[in-house]
Amino acid sequence: MLNPYPMTALVHVEDEVLENGPDSAEIEFRRVTKTYGAIAAIEDVSLAVRGGEFLTILGPSGSGKTTALMLLAGFVAPTKGDILISGKSVAAVPSYRRDQGIVFQSYALFPHLTVRRNLEFPLEMRGIKAAEKAMRVNRMLQRVHLNDYGDRMPSQLSGGQQQRVALARALIADPPILRSTNRSERSIAIRPAPD
Ligand SMILES: Nc1ncnc2c1ncn2[C@@H]1O[C@H](COP(=O)(O)OP(=O)(O)OP(=O)(O)O)[C@@H](O)[C@H]1O
Ligand SMILES: [Mg+2]
């Protein structure tokens, strides 16, 4: 299955960063595809970022932005294609040797429970009966556009999909108060690996 959502890359060149050019590395994606079973998280992506450029990847939830960063960081390997840092393929370089700074985000979902079980949890805590529980979970999955994702584990979702599960779990028991904390989005910075 192709990922139906387009992903766009914006490159912004920072004069100040360019002056410090030697400290930052070049990145190249050559026709990179990453699939999970039948699902293509990113499909045939090529891009080049020069040292000193500041890259922003835009795209709808599920379009493959985090997958691109995970590939660059070496947390997942491409199914097809190659990634180069400073002109060298990093296919055989483990993530701890890639010398990258990464900021993650997390939504505190129960990692061992499916999306559906995550949503059922607050209802069970309140003693809600099975039929009502199923109805509320289905309605909530629809509301956050995750009808087809009930059986996935949180680790199999994009960040925005996880965020929607977290929101759905917070709303599903109709609480009188909703608390929310903004978290920093992912960002990544690269320095060249020492030779
Ligand atoms: N481990 C996995 N198993 C199966 N599918 C996955 C897995 N990780 C990601 N996906 C799927 O790959 C697609 C791309 O995910 P990715 O996390 O790269 O999206 P994203 O652009 O970062 O989205 P968001 O803006 O919601 O964070 C999504 O449809 C997601 O459900
Ligand atoms: Mg993401």
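We now turn to the structure provided with this report. (Residues numbered from 1 in each chain as written. Chains lettered and ligands numbered in written order. Predicted model: local features only at pLDDT ≥ 70, side-chain atom pairs only at ≥ 80, totals over all residues.)

Further remarks concern the packing of helix H3 (residues 115–125) against helix H5 (residues 159–171). Between H3 and H5, whose axes approach to 8 Å, the crossing angle comes to 25 degrees. It follows that H3 is roughly parallel to H5 by the angle criterion. The way H3 lies across H5 gives a crossing that is right-handed. Along its contact with H3, which presents Val115, Asn118, Leu119 and Pro122, the element H5 presents Val165, Ala168 and Arg169. (Axes fitted to C-alpha atoms, helices over the stretch in contact; angles between N-to-C directions. Helix = DSSP H or I, 4+ residues; strand = E, 2+ residues; numbered from the N terminus. Parallel < 35°, antiparallel > 145°, perpendicular 65-115°, else oblique. Left-handed = near helix turned anticlockwise from the far one by under 90°. Contact = placed C-beta atoms within 7 Å.)

Moving on to the pairing of strand S5 (residues 80–85). Judged from the five bridges that link them, strand S2 (residues 27–36) and S5 form a sheet pairing that is antiparallel. Bridged to Ile27 within S5 is Ile85. By the bridge criterion, two bridges tie S5 to strand S6 (residues 88–89) in an arrangement that is antiparallel. Its bridge partner being in S6, Leu84 is matched across the sheet by Ser89. (Pairing = 2+ DSSP bridges.)

Geometric values such as these leave the question of function open.
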